[in-house]
Amino acid sequence: MAGPEAAGAAAAAEGSEAGNGGGDGYDGKCVFCRIARREEPGTALLPCEDEDLVCFRDIKPGAPHHYLVVPVKHMGNCKTLKTEHIPLVKRMMEVGKAVLQKNNFSDLNDVRMGFHWPPFCSIAHLHLHVLAPASQLGFLSRIYYRLNSYWFITAEQLIERLQSENAAS
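Not measured: the values here are computed from a predicted model.

Student: Just checking my understanding: could you explain the pattern of salt bridges for this structure?
Tutor: Pairing of side chains with opposite charge becomes possible as their charged atoms draw close. Going through the model one piece at a time under the given rule, you end up with 5 salt bridges. Between R34 and E40 there is a salt bridge; the shortest N-O distance is 2.7 Å. R34 sits in the partly exposed class, given a relative accessible area of 22%. Judged by its relative accessible area of 25%, E40 falls in the partly exposed class.

Structure follows, in structure tokens:
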């Protein structure tokens, strides 16, 4: 993403630095908040065993299985997370693995899970991309979800970063 869309996403992300949109964790302008509350009829939620998270298919899939795992309460992007959010990120990963398994994908060694790093976020609500099989990512998806890039961080890398921030403080 580049240009005005990136700038708008960055501004929206900065506006949600505190972690959630409103006092109740809902931002009516946020499409992911509306999806989590079942206010977007075009988006089907997939079965999720964690009441604080929802999962649904990405509207622009980068792989045969491309799901988004999203907190029900509005939270800023991954750059706003702190050490206390590590359990949330781990739960998001577990939900992603469970959804893959429920959809008959079992090779968990061929999965890419991660977050777009600001300002490369199109939606300023925390969301984990779950892509599988990673070996079948298309050309553009290999760029968008590239390991060790400036714009994408794996869930494991995010956890390591959050742990190291805690060790430094």
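Student: Just checking my understanding: could you explain the sheet that holds strand 6 (residues 152-154) for this structure?
Tutor: Adjacent strands of a sheet form backbone hydrogen bonds with each other and so pair up, either parallel or antiparallel. Taken in spatial order, the 6 strands of this open sheet run 1-2-3-5-4-6, and their pairing is antiparallel. The sheet is open, and its two edges are formed by strand 1 (45-46) and strand 6, each paired on a single side. Of the strands in this sheet, strand 1, strand 2 (53-57), strand 3 (65-71), strand 4 (112-116) and strand 5 (128-132) are in contact with helix 3 (residues 86-102), which crosses strand 3 at around 145 degrees.

Student: I would appreciate a short explanation of the layout of surface pockets in the present structure.
Tutor: Its boundaries defined by the atoms lining it, the largest pocket holds a volume of some 770 Å³. Residue lining of the largest pocket: 27 residues in total, with D58, K60, S122, H129 and Y145 positioned closest to the centre. Secondary structure elements with two or more residues in the lining of the largest pocket: helix 2 (31-36), strand 2 and helix 4 (139-144). Among the elements that line the lining of the largest pocket, the one with the most residues is helix 4, at 4 residues. Of the residues in the lining of the largest pocket, the class split is 16 nonpolar, 7 polar and 4 charged.

Student: Whenever I open this one, the nonpolar core confuses me. Can you help?
Tutor: Note that soluble globular proteins tend to have their nonpolar side chains buried in a common cluster. The biggest cluster of nonpolar side chains holds 30 residues, and the ones touching the most others in it are F115, L128 and L158. At the level of secondary structure, the elements contributing two or more residues to this core comprise strand 2, strand 3, helix 3, strand 4, strand 5 and helix 5 (155-168). Sort the elements by how many residues they give to this core and helix 3 lands first, with 8 residues. Residues contacting F115, with those up to four places away along its chain left out, are C78, V89, M92, L126, H127, L128, W151, F152, I153, A155 and L158. In this structure, C33, I35, V54 and V70 belong to the second largest nonpolar core, which totals 10 residues.

Student: Looking at this structure, how should I read empty space enclosed by the protein?
Tutor: Where empty space is left in the structure can be found by rolling a water-sized probe over the atoms. Under the counting rule described, the total for this entry stands at 1 cavity of 30 Å³ or more. Along its surface, the largest cavity is lined by N77, C78, F115, H116, C121, I123, H125, L126 and H127. The class makeup of the residues in the lining of the largest cavity is 5 nonpolar, 4 polar and no charged.

Student: So what exactly am I meant to see when it comes to the pairing of strand 4 here?
Tutor: Moving residue by residue along a regular strand, the side chains alternate between the two faces of the sheet. For strand 4, the buried fraction is high: 5 of the 5 residues fall into the buried class. Bridge count for strand 4 against strand 5 is 3 bridges, and the pairing is antiparallel. Bridging from a neighbouring strand, M113 pairs with V130 of strand 5.

The rules we used
- Along each chain, the written sequence defines residue order, and numbers are assigned to residues from 1.
- Totals for whole chains, interfaces and linings use all residues, but because this is a predicted model, local features are given only for residues with pLDDT of at least 70 and pairs of side-chain atoms are given and counted only at 80 or more.
- Values shown for side chains rest on all heavy atoms present in the structure; no hydrogens or waters enter the calculation.
- The rule for a salt bridge is simple: a side-chain nitrogen of Lys or Arg has to be within 4 Å of a carboxyl oxygen of Asp or Glu.
- Each residue is placed in one exposure class: buried if its accessible area under a 1.4 Å probe, protein chains only, is under 20% of its type's maximum, exposed if it is over 50%, and partly exposed if it falls in between.
- For two strands to be treated as a pair, DSSP must find no fewer than two bridges joining them.
- Helix and strand assignments come from DSSP, with helices taken as H or I runs of at least 4 residues and strands as E runs of at least 2, each series counted from the N terminus.
- Whether two residues are in contact is decided by their heavy atoms, any of which lying within 4.5 Å being enough.
- Every axis in this analysis is a line fitted to C-alpha atoms, fitted for helices over the stretch in contact. Angles between the N-to-C directions lie between 0 and 180 degrees.
- Both site types are read off a 1 Å grid over the protein atoms alone. A 1.4 Å probe that fits but cannot get out defines a cavity, while an open set with protein on both sides within 12 Å along at least five of seven lines defines a pocket; lining residues have an atom within 4 Å of a point.
- Grid points are joined across faces, edges and corners, and a volume is the space filled by probe spheres set on the points.
- Residue polarity is assigned by list, with Asp, Glu, Lys and Arg as charged and Ala, Val, Leu, Ile, Met, Phe, Trp, Tyr, Cys and Pro as nonpolar; anything else, Gly included, falls into the polar class.
- Throughout, nonpolar core names a set of buried Ala, Val, Leu, Ile, Met, Phe, Trp, Tyr and Cys residues whose side chains join them through atoms within 4.5 Å.

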